[in-house]
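# A look at the structure
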Amino acid sequence: MNPQDPGANRAVRTFQPSDAQEVDTLLRQSPQAAAWSLKSIEQLVQRGEIAWVVENAGRIEGFLVARAVGDEAEILNLCVDPAKRRAGNATELVRTAVMELRRMLVKAIFLEVRQSNSSAISFYEKLGFVANGRRPAYYQNPTEEAVLMMRELTA
């Protein structure tokens, strides 16, 4: 990697409970992400969820959590520091999740996104997700429809 590249020191790693406080701070800076309590974040691993963080120079810049059940998985939350967006952090998190979920023999990944979040919808489409349904009044504050998206995983 180019040392001039701001993402040159970026690394995706498995979330650890000790990351919870920093992840909580990130989530509070991102109203588009699902709002979870610090305790909920600390207990991700205990609940059997899988999570990753993207770190750069020792600082967490993004977070993704998923849940796998059988041969399906769902992305439950994805958040990137607002000052570090459009730098490849979210892409690296999703690619890592896809790779790990594929190794777990997951065949399809699902997620929901606010209808008004066109940048997130476009982002997921670029990564191979397709819209496959809607949930009326799924989100609150404001009440809004969810766009359901899915990506099939192949060998």
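Coordinates for the structure precede this section.
A few points on the structure. The residue numbers shown here count from 1 along each chain, following its written sequence. Reporting in this predicted model follows two pLDDT cut-offs: at least 70 for local features of residues, and 80 or more for side-chain atom pairs to be given and counted; totals over whole chains, interfaces and linings ignore these cut-offs and use all residues. The basis for the side-chain values is all heavy atoms of the structure; hydrogens and waters are excluded.

### Focus on the overall build of the protein
Stated formally: A helix here means a DSSP run of H or I that spans at least four residues, while a strand means a run of E at least two residues long, and both kinds are numbered starting from the N terminus. Based on C-alpha atoms, the radius of gyration is set beside the globule rule, defined as 2.2 Å times the residue count to the power 0.38. Relative accessibility decides the category of a residue: with a 1.4 Å probe and only protein chains considered, values under 20% of the type maximum give buried, values over 50% give exposed, and everything between is partly exposed. Using the Shrake-Rupley algorithm and a 1.4 Å probe, accessible areas are obtained, with residue cover drawn only from the displayed protein chains. Positive charge is attributed to Lys and Arg, negative charge to Asp and Glu, and no charge count is given to His or to the chain ends. Note that the charge is assigned to NZ on lysines, CZ on arginines, CG on aspartates and CD on glutamates.
A tally of regular secondary structure across the protein gives four helices and seven strands. Across the protein, helices and strands are ordered from the amino to the carboxyl terminus as β-α-α-β-β-β-α-β-α-β-β. In summary, the protein has a C-alpha radius of gyration of 15 Å against a globular reference of 15 Å for 155 residues, a match within 12%. Viewed in the frame of its principal axes, the protein has a C-alpha envelope of about 45 × 40 × 35 Å. Out of the 155 residues belonging to the protein, those deemed buried represent 44%. Only carbon and sulfur atoms are counted for the fraction: they give 50% of the accessible area of the protein, which is about 8700 Å². On the protein, the mean spot of the 19 positive side-chain charges and the mean spot of the 19 negative ones are 2 Å from each other.

### What about the pattern of salt bridges?
Two side chains of opposite charge can pair, provided their charged atoms sit close to one another. Spelled out, the test is: Salt bridges are identified by distance alone: a Lys or Arg side-chain nitrogen within 4 Å of an Asp or Glu carboxyl oxygen.
One pass over the full model with this rule turns up eleven salt bridges. Arg13 is the partner of Asp19 in a salt bridge, and the nearest nitrogen-oxygen pair spans 2.8 Å.

### Re the pairing of strand 7 (residues 144–152)
Using the following cut-off: Only when DSSP finds a minimum of two bridges between them are two strands counted as paired.
Taking burial as the measure, the nine residues of strand 7 include seven buried ones, the bulk of the element. Looking at chain direction, strand 5 (residues 108–114) and strand 7 are connected through seven bridges and run antiparallel. Following the sheet pairing, Leu111 is matched in strand 7 by Met149. Relative to strand 7, strand 6 (residues 130–139) runs antiparallel, the two sharing six bridges. Note that in strand 7 the partner of Gly133 across the bridge is Leu148.

### Observations regarding helix 3 (residues 89–103)
Since the α-helix turns once every 3.6 residues, residues separated by three or four places project in the same direction. Put simply, the rule reads: By this rule, a helix spans an expected 1.5 Å times one less than how many residues it contains.
Its 15 residues give helix 3 an end-to-end C-alpha distance of 21 Å, which sits within 8% of 21 Å, the value for a rise of 1.5 Å per residue. Every buried residue of helix 3 is accounted for by Asn89, Ala90, Thr91, Leu93, Val94, Thr96, Ala97, Val98 and Leu101. Positive phi shows up at Leu105, right after helix 3, with a value of about 70°.

### Structural notes on the nonpolar core
Worth spelling out the cut-off: What we call a nonpolar core is a set of buried Ala, Val, Leu, Ile, Met, Phe, Trp, Tyr and Cys residues that are connected through their side-chain atoms within 4.5 Å. Contacts are assigned to residue pairs that have any heavy atoms within 4.5 Å of one another.
In this structure, Leu64, Val94, Leu101, Ile109, Tyr124 and Phe129 are the most contacted members of the largest nonpolar core, which totals 28 residues. Secondary structure elements with two or more residues in this core: strand 2 (50–56), strand 3 (59–69), strand 4 (72–80), helix 3, strand 5, helix 4 (118–126) and strand 7. At six residues, the largest contribution of residues to this core is made by helix 3. Apart from residues no more than four positions distant in its own chain, Phe129 is found in contact with Ile75, Val94, Ile109, Leu111, Tyr124, Met149, Met150 and Arg151.

### Considerations on the sheet that holds strand 3
To keep things clear, this is the line we draw: Only the contacting stretch of a helix is used when fitting its axis, a line to C-alpha atoms as for every element, and angles between N-to-C directions run 0 to 180 degrees.
One open sheet holds the seven strands; their spatial order is 1-2-3-4-5-7-6, and the pairing between them is mixed. Strands at the two margins of the open sheet, each flanked by one partner only, are strand 1 (10–14) and strand 6. Between one strand axis and the next, the sheet turns through 25° on average, direction left out of account. Sheet strands touched by helix 1 (residues 20–28): strand 2, strand 3 and strand 4. Its angle to strand 3, the strand with the most contacts, is close to 95°.

### Some remarks on the environment of Phe110
Along the chain, the position of Phe110 falls in strand 5. Residue Phe110 is classed as partly exposed on the basis of its relative accessible area of 25%. Measuring from C-alpha to C-alpha, the distance between Phe110 and Glu152 comes to 8.8 Å, with 42 residues separating the pair along the chain.

None of the figures reported here should be taken as evidence of function without further support.
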